[in-house]
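Listed here are the chains, written in short residue letters.
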Amino acid sequence: MGRYVVRRLLQMIPVFIGTTFLIFVMVYAVGDPVNALFGDRAPDPATAAALRHEFNLDKPVPQQYLLYLGKIFTGDFGNAFNGQPVTELMANAFPITLRLAAVAIVFEIVIGITLGVITGLRRGRPVDTGVLMLTLVVISVPTFVTGSLAQYLLGVKWGWIRPAVSPEAPLDELILPGLVLALVSLAYVTRLTRTSLAENARADYVRTAVAKGLPRRRVTVRHLLRNSLIPVVTFLGTDVGQLMAGALVTERIFNIQGVGFQLWQGIVRQNSPTVVGFVTILVLVFLLANLLVDLLYAVLDPRIRYD
Amino acid sequence: MTEPPGMSGPAIGGPGGAMELAATEGETLEGGAQPPAGRGPEARARSLWSDAWHDLRRNPVFIVAGLLILFLVVISLWPSLIATRDPLSCSLGHSLDSATHGHWFGYDTQGCDVYTRVVYGARSSVAVGVCATLGVAVLGSLLGGLAGFFGGVWDAILSRVTDIFFGIPIVLGGLVFLSMTGSRSVWTVVAFIVLLGWPQVARIARGSVLTVKQNDYLLAARALGAGNTRMLVRHILPNAVAPVIVTATIALGNYIALEATLSYLGVGLQPPTVSWGSDISAASSGMQFRNAPHILVYPAAALSITVLAFIMLGDAVRDALDPKLR
């Protein structure tokens with residue numbers, strides 16, 4: 001196991017470098033951040049040159065990238081163009097987005113797995129067909145549509161919630177945005193649990209458990225569910241990364257000042273250090289989540305051996 | 001929005017292999033007349049494709065989705081069939097007016113007829129969805145298939161490259177990449193989706209080709225002197241293409257949703273191109289839908305129904321082509 005972790009971590013390095021380089025090239029080589037800083041006015045050439053020098057923008061792109069990479073390993077993500085360190089923005093934004101993602105994950109686990117178990121144990125019944133059609137509908141409605149409609153109905157028309165989340169984003173205001181963020185994945189969790197449960201319900205060990213006289217509930221919870229949830233857990237793991245990216249849309253709708261909001265501001269103002277810094281962290285979260293899933297898989301299913 | 005693992009099966013090479021064996025006994029692949037082989041109650045064995053078609057025709061989900069998609073394609077080709085006005089001729093005097101006779105969906109902020117814009121919006125969604133899917137399917141299966149077939153160093157390079165692209169969540173990539181482009185048309189968005197979408201198909205195609213490659217009939221074909229081209233076109237392509245088709249069909253609906261999401265975020269299609277995503281974005285900005293919900297509801301409903309139709313189609317095609325799920 002230890003050797004496998006080391007190998008996987010080593011494999012992550014080229015992927016991390018490739019991905020961040022791709023983003024870096026797009027942001028720094030295609031856009032011109034110094035011109036953007038001056039808006040519509042033409043910048044004073046001397047000032048522009050000084051700024052380019054300060055941000056290493058006068059060097060070739062690969063060299064810029066290496067300089068950047070060297071700095072982030074010491075925890076220095078550079079300064080946004082207004083002088084505020086990017087790490088400071090991150091310290092404000094990431095806890096909010098993590099809270100939002102946590103709310104979403106809880107919804108996925110509680111509602112998704114419950115619905116999956118109900119339908120998986122009642123395949124072919126009306127409740128199964130109904131939930132299955134419902135998941136198809138939920139998957140089809142894009143998150144920004146669900147979000148806007150929920151905001152209109154619950155926030156504006158019926159006035160149950162505040163339509164916009166306050167800057168501190170306390171947990172109770174994140175419940176609706178979290179549910180909106182979770183919906184599509186929730187539908188996938190339901191379908192995955194249902195398929196997995198139905199597949200395992202025919203397994204020999206279930207028949208044995210029933211034959212030796214265990215109560216139905218115990219067979220379902222201890223034997224069937226435990227084995228069926230392995231693919232679901234791996235899906236939830238990969239979903240952590242997806243949720244962080246999905247928060248871009250949800251945060252925009254509900255005006256939550258998290259990662260998506262900062263990234264959005266960075267892009268609109270062409271604030272390149274902010275954009276590259278946040279994307280780098282998001283990619284890292286994504287890769288680590290995938291690694292964690294693979295390791296978790298071995299813990300949950302003892303038949304899998306990596307060495 | 002990726003399909004969870006284990007839901008699309010790469011094991012489709014199995015029955016496909018049986019089909020190919022039958023086909024090499026002197027029959028053309030497409031010809032329905034294949035030698036009898038006591039499978040199922042029918043006297044004649046059916047290929048994977050005719051079997052799938054047989055299933056699809058009886059699937060109500062497929063029929064509903066198919067009719068909806070047919071309708072969408074027709075109105076995106078000839079929107080004037082059901083909408084006589086010009087989507088870009090608007091008058092601010094009607095701004096946010098609600099529905100009146102002849103304007104069933106009311107007017108939006110700019111005073112444009114919402115019904116006309118909803119009808120014309122189908123064109124960009126369908127165009128982006130279809131073109132992006134075709135691009136992703138062709139590029140992905142070409143690169144993935146060839147890497148799987150030839151193996152070696154190309155395969156290793158491709159695997160690393162797909163890993164890199166998988167590290168970028170697609171909405172995040174869209175926000176960064178597309179915001180750097182000045183003016184965006186349907187083709188810019190299509191190009192972006194193809195650029196970030198092909199690794200998904202390449203992975204499926206590679207796996208599928210690797211499965212098919214192990215079949216005996218490929219060894220037989222090689223022994224009979226078949227060259228690489230013949231092996232690829234006559235033997236591998238027909239047997240390995242099913243998982244790619246399944247993945248691509250499901251992806252089509254997701255790409256339409258993606259285009260709308262990107263347009264909503266302001267990095268997708270730009271005016272004067274009519275897009276449901278941009279219209280929903282315009283309706284939501286500053287909560288203009290507060291007093292005029294119709295400017296939000298109609299484009300949102302049109303978009304959701306369209307995506308639903310394509311996802312239902314994908315679901316039906318997967319059920320028909322993946323024998324494991326039967």
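An unreviewed UniProt entry annotates chain B as ABC transporter permease originating from Streptomyces boncukensis. Its UniProt record gives chain B the following Subcellular location (unreviewed entry) comment, quoted word for word: "Cell membrane".

With an unreviewed UniProt entry as reference, chain A is termed ABC transporter permease, source organism Streptomyces boncukensis. As recorded by UniProt, the Sequence similarities (unreviewed entry) comment attached to chain A reads in full: "Belongs to the binding-protein-dependent transport system permease family." Under the heading Subcellular location (unreviewed entry), UniProt records this for chain A: "Cell membrane".

This next bit is on the UniProt feature "transmembrane region" (unreviewed entry) in chain B. All names here are of chain B. When the UniProt feature table is mapped onto this chain numbering, "transmembrane region" (unreviewed entry) sits at residues 61-82, 126-149, 161-180, 186-205, 240-258 and 295-317. What you have in residues 126-149 is 100% helix and 0% strand, and the ends, taken at the C-alpha atoms, are 33 Å apart. As annotated, residues 295-317 comprises 100% helix and 0% strand, and the C-alpha atoms at either end are separated by 34 Å.

Let's shift gears to the interface of chain B and chain A. Between chain B and chain A, the residue contacts involve 43 residues of the former and 44 residues of the latter. With both chains or domains summed, chain B and chain A bury close to 4,200 Å², and 80% of this area falls on carbon and sulfur atoms. The tally of links between chain B and chain A comes to one salt bridge. As a salt-bridge pair, Arg 191 of chain A and Asp 315 of chain B come within 3.3 Å of each other at their nearest N and O atoms. Applying the counting criterion to the chain B and chain A interface returns three residue pairs in polar contact (both at pLDDT 80 or more). Elements supplying a minimum of two residues to the side of chain B that touches chain A: α5 (152-166), α6 (170-179), α9 (228-264), α10 (276-284) and α11 (294-321) of chain B. Residues belonging to the side of chain B that touches chain A are distributed by class as follows: 31 nonpolar, seven polar and five charged.

Further remarks concern the side chain of Glu 259 of chain B. Residues and elements named next belong to chain B. Looking at the secondary structure, you find Glu 259 in helix α9. Buried charge without a salt bridge: Glu 259, with Arg 184 as the nearest opposite-charge side chain at an N-O distance of 9.5 Å. One polar contact links Glu 259 to Ser 263, side chain to side chain, over a distance of 2.7 Å. When neighbours within four sequence positions are excluded, Glu 259 is seen to be in contact with Ser 125, Val 128, Val 189, Leu 269 and Ser 275.

One recurring pattern in soluble globular proteins: nonpolar side chains tend to sit buried together. One finds Phe 144 and Phe 278 of chain A together with Leu 303 of chain B to be the most contacted residues of the largest nonpolar core, which totals 159 residues. The biggest single contributor to this core is α11 of chain B, with 16 residues. If sequence neighbours within four positions are ignored, Phe 278 of chain A has contacts with Val 86, Leu 89, Met 90, Ala 93, Phe 94, Val 259, Gln 262 and Leu 263 of chain A. Judged by nonpolar contacts, the second largest core, of 11 residues, contains Phe 149, Tyr 217, Leu 218 and Ala 226 of chain B.

A contiguous patch of positive charge, built from Lys 212, Arg 218, Arg 222 and Arg 226 of chain A, is present on the exposed surface. Inspection of the secondary structure puts Arg 218 of chain A in helix α10 (residues 216-254).

Cut-offs and rules
Residues numbered from 1 in each chain as written. Chains lettered and ligands numbered in written order. Predicted model: local features only at pLDDT ≥ 70, side-chain atom pairs only at ≥ 80, totals over all residues. Heavy atoms only, no water. UniProt positions renumbered as here; feature names shortened; annotations may be inferred. Helix = DSSP H or I, 4+ residues; strand = E, 2+ residues; numbered from the N terminus. Contact = heavy atoms within 4.5 Å. Buried area = accessible area lost by both parts, 1.4 Å probe. Salt bridge = Lys/Arg side-chain N within 4 Å of Asp/Glu carboxyl O. Polar contact = N/O pair within 3.5 Å; in protein donor to acceptor, adjacent residues only side chain to side chain. Nonpolar A, V, L, I, M, F, W, Y, C, P; charged D, E, K, R; others polar. Buried < 20%, exposed > 50% of the residue type's maximum accessible area, 1.4 Å probe, protein only. Lys, Arg positive; Asp, Glu negative; His and termini not counted. Core = buried A, V, L, I, M, F, W, Y, C linked by side-chain atoms within 4.5 Å. Patch = residues over 30% accessible without salt bridge, like charges linked within 9 Å, V, L, I, M, F, W, Y side chains within 5 Å. Areas by Shrake-Rupley, 256 points an atom, 1.4 Å probe, with all protein chains shown as cover. Charge placed at Lys NZ, Arg CZ, Asp CG, Glu CD.

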